[in-house]
Amino acid sequence: MPLIPDDKIAEIRDRIDIVQIIGEFVPLRRSGANWKGLCPFHAERSPSFNVNQPKQMYHCFGCGKSGDVIRFLMEHEGKPFMEVVRELAKRGGIDLPEPEVSPAAMEARKRAESDRARMLKLNRLVSDFFREQYAAPAGARARAYVEEKRGIAAPTRDAFLLGYAPPGWDALTRFLESQRVPHELAESAGLIRAREHARL
């Protein structure tokens, strides 16, 4: 599939207001020349997520995530590059060249992009589950080991999305069942094995 010309990508970045886009997902407040808010990519209590409007860039001083408006939507929404670019172009009234693609190729591409988005969404769901287990009373021993014995501070824990897997082989399986996640999807993502999803 032909690539979108670089000048069109630059036009999208220049015309789309990154503060407006990110502000739809993250409450932002002005702080000098920048805008600040709680980082959407890791748990934090004090804002370390900065958006620079003139440069059309964001950066989190807590977890290190940074990029432009396209990168933000790709990582936050789990969408592929082309989908994000086309959505932003439509929003900004920018015409993009339409490639000639056969119906079969178009359908295959849509399936691939849809599968990838589902995988990313599922992995975020499972990551949140393990992080919640870490913060729960049952995760006390894990917290004592990580925070007291190993001395791993909150910024590092958040950056690496550290979590806790509770005892029992079926804890994740039961959680996925409660979330109505198809076992085929969980198995494809490598989260469970065939013998573990009998109850799903």
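Please read all numbers here as calculations on a predicted model, not as lab measurements. Think of each chain on its own: its residues are numbered from 1, step by step along the sequence as written. Whole-chain, interface and lining totals are the exception, using all residues; otherwise, since this is a predicted model, local features are given only for residues with pLDDT of at least 70 and side-chain atom pairs are given and counted only at 80 or more. By convention in this description, side-chain values take in all heavy atoms of the structure and omit both hydrogens and water.

**Things to note about the overall build of the protein**
A helix here means a DSSP run of H or I that spans at least four residues, while a strand means a run of E at least two residues long, and both kinds are numbered starting from the N terminus. Looking only at helices and strands, one finds nine helices and five strands in the protein. Each helix and strand of the protein, ordered N terminal to C terminal, gives the series α-α-β-β-β-β-β-α-α-α-α-α-α-α. Residues classed as buried in the protein amount to 34% of the 200 residues present. Only four residue types enter the tally: Lys and Arg on the positive side, Asp and Glu on the negative side, with His and both chain ends excluded. Note on charges: their place is set at NZ of Lys, CZ of Arg, CG of Asp or CD of Glu. Computed over 32 positive and 28 negative side-chain charges, the separation of the two mean positions in the protein equals 6 Å. Relative accessibility under 20% of the residue-type maximum defines a buried residue, over 50% an exposed one, and the middle range a partly exposed one, all with a 1.4 Å probe and only protein chains included.

**Focus: the environment of Asn34**
Secondary-structure assignment places Asn34 in strand S2 (residues 34-37). For the pair Asn34 and Pro166, spaced 132 residues apart in sequence, the C-alpha to C-alpha distance is 41 Å. Residues are treated as being in contact if the distance between any of their heavy atoms lies within 4.5 Å. Setting aside its immediate chain neighbours within four residues, Asn34 contacts Arg29, Asn50, Val51 and Asn52. Nitrogen and oxygen atoms within 3.5 Å of one another constitute a polar contact, given that in protein one can donate a hydrogen and the other can accept it, and given that sequence-neighbouring residues count only through two side-chain atoms. At 3.2 Å, the side chain of Asn34 forms a polar contact with the side chain of Asn52.

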